[in-house]
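Residues per chain, in single letters:
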Amino acid sequence: WWADENSKGTAEASAVIEASEALRSSDIPVGFPTETVYGLGADATRSAAVQGIYKAKKRPSDNPLIIHVDSIEMINRLLNPTTTTTTPSTKIPAIYEPLISRFWPGPLTILLPNPPGSLLAKEVTANLPTFGVRMPSSAFARLLIHVTDRPLAAPSANASTKPSPTTAQHVYHDLKGRINLILDGGACGVGVESTVVDGLSSPPAILRPGGIGIEEIRACPGWENVQVGYHDSALQHGKEAPRAPGMKYRHYSPKARVILFEAGSDLPSITGRVKQDLLGTGFSTETRRKIGIVRTRKWPVTIALTPDAELAQSAESQSQEVLAEDESNGVSAVRIREVSVLLEEGIGATVYDIDLGSEAEAIARGLFAALRSLDELNVDAIYIEGIRDDEGDLAAAVMNRIRKAAEVSVAI
Ligand code: TXA
Ligand code: MG
């Protein structure tokens, strides 16, 4: 579409050019799409530009950023800052070869040693001896990097602690007034961030679960013994430091309290809990109670409509579709049904019900949009049905994000 005569292609081309000019000359970062989530990009070789990312996101500066490249050649330049020949003396460690040939371009980030005299701004690595790098599969992202002709440092383009953005509208919501430009590539196809792997340690480790599954990585030569180097719990409580610094912070959290029911939780205990919460003191008695329900595999439709038999009789109204977010291309659109229920004499509640479907891929794609939409509706609490984290390549990433967002986790 780059040379396309139609107006959409021309508009996209000039947007990419405008964004790459901003990346080269300004210190205010640019929002751009990748296949995982939207990134907040800056020229990784300029300190002032990279500082602009931390400022816009209000991100702690000890949390390093991922570098995005469009070619192996760009990585070779980073590994060999003083070499001018085309045959690099420092190469990407051989252990990464099977991963690169299988998963790049795509949602996989690898750690590489940051060489003396590095071209990268020191703010990128937060003083670590390594840098994280990936080649995104989004053609839009790679074109932007190519035209800019710079490696781009980019964290997810959300305000720190919020769910990652999977549409340009999410980025605008969090960062308006703090950035000048967002490239809109529609909704992200994967919906959760890249898998971060460390092949420099022995045995190699997965530092963050993401768009490439653990079993897919384990199937690669040299990665049979890959260790899981992350925890799913929200905070580490000062215990051992996580190996990916970002994993220690509160993450992916909407304003509302998130209550996770691990896969297999039984329905009566869930409905009991929901009703108890709604009638309990955590909720304002002045205003009508509002809750969100995010269903995945097993919870029946009626969990949202009629949390128990008693309520079935007193449901005030039938369901009604309220909103479908992101009209741009619908990939991460979530459909929300609004249902009014009467809990007790004089106490009503509104339930917003989202069904993400049963496939881990679809759940990953819609999860962050679901949390964000429910926040927009000002619900007091969000009840989520978990999935087993070993069912499907994206399941571990999905459950990692939900567990980090959850304030309460109900185990089976
Ligand atoms: O899919 C993604 O990876 C997205 C898109 C925009 O590409 N980016 C992203 O970046 O999720 P961010 O900054 O939100 O998360 C980066 C993660 C953090 O957990 C960080 O601690 C870890 O990668 N990380 C980055 N560099 C590292 C390093 N040198 N050593 C260990 N962990 C590193
Ligand atoms: Mg992030």
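Since the structure is predicted, the reported quantities are computational estimates derived from the model, not experimental observations.

Moving on, we come to the overall build of the protein chain. The number of helices and strands found in the protein chain is 13 helices and 17 strands. A buried classification covers 46% of the 412 residues belonging to the protein chain. Put simply, 70% of the contacts in the protein chain that link residues at least 6 apart link residues at least 24 apart.

With that settled, the discussion passes to helix H6 (residues 139-148). Taken residue by residue, H6 has Ala-141, Leu-143, Leu-144, Ile-145 and Thr-148 as its buried positions. Remark: Asp-149 follows H6 within two positions and exhibits a positive phi of approximately 60 degrees.

Once that is clear, we can look at unusual backbone geometry. The residue after Trp-104, namely Pro-105, is reached through a cis peptide bond having omega -10 degrees. As for its placement among the helices and strands, Pro-105 is situated in the loop between helix H4 (97-103) and strand S4 (108-113). Geometrically, the link from Ser-202 to Pro-203 is a cis peptide bond, its omega value of -5 degrees lying close to zero. Structurally, the position occupied by Pro-203 is in the loop between strand S8 (195-198) and strand S9 (205-208). For Ala-126, which is not glycine, the phi dihedral falls at a positive 50 degrees. With respect to the element layout, Ala-126 can be found in the loop between helix H5 (122-125) and strand S5 (130-134). Ala-126 sits in the partly exposed class, given 16 other C-beta atoms within 10 Å. In the Ramachandran plot, Thr-161 falls in the positive-phi region, its phi being about 80 degrees despite a non-glycine side chain. Along the chain, Thr-161 turns up in the loop between strand S6 (152-153) and helix H7 (168-175).

Turning to the domain arrangement of the protein chain, a few remarks are in order. Here the domain parsing of the protein chain yields domain 1 (7-248) and domain 2 (257-410). Counting residues at the interface gives 24 residues for domain 1, matched by 24 residues for domain 2. Contributions of two or more residues to the side of domain 1 that touches domain 2 are made by H7 and helix H8 (214-218). Looking at the side of domain 1 that touches domain 2 element by element, the count peaks at three residues for H8.

Calculation rules
Starting afresh in each chain, residues are numbered from 1 along the sequence in its written order. All chains are assigned letters beginning at A, and all ligands numbers beginning at 1, according to the order in which they are written. With pLDDT at 70 or above as the cut-off, local features in this predicted model cover only qualifying residues; side-chain atom pairs require 80 or more to be listed or tallied, and sums for whole chains, interfaces and linings still use all residues. Helix and strand labels come from DSSP, where a helix needs a run of H or I of at least four residues and a strand needs a run of E of at least two; each type is numbered from the N terminus. Exposure is read from a count of other C-beta atoms within 10 Å of each residue's own; the residue is exposed at 12 or fewer, buried at 20 or more and partly exposed in between. C-beta atoms are placed from the backbone. Once C-beta atoms have been placed from the backbone, residue pairs whose C-beta atoms lie within 7 Å are recorded as contacts. An automatic or database domain assignment supplies the residue ranges for each domain.

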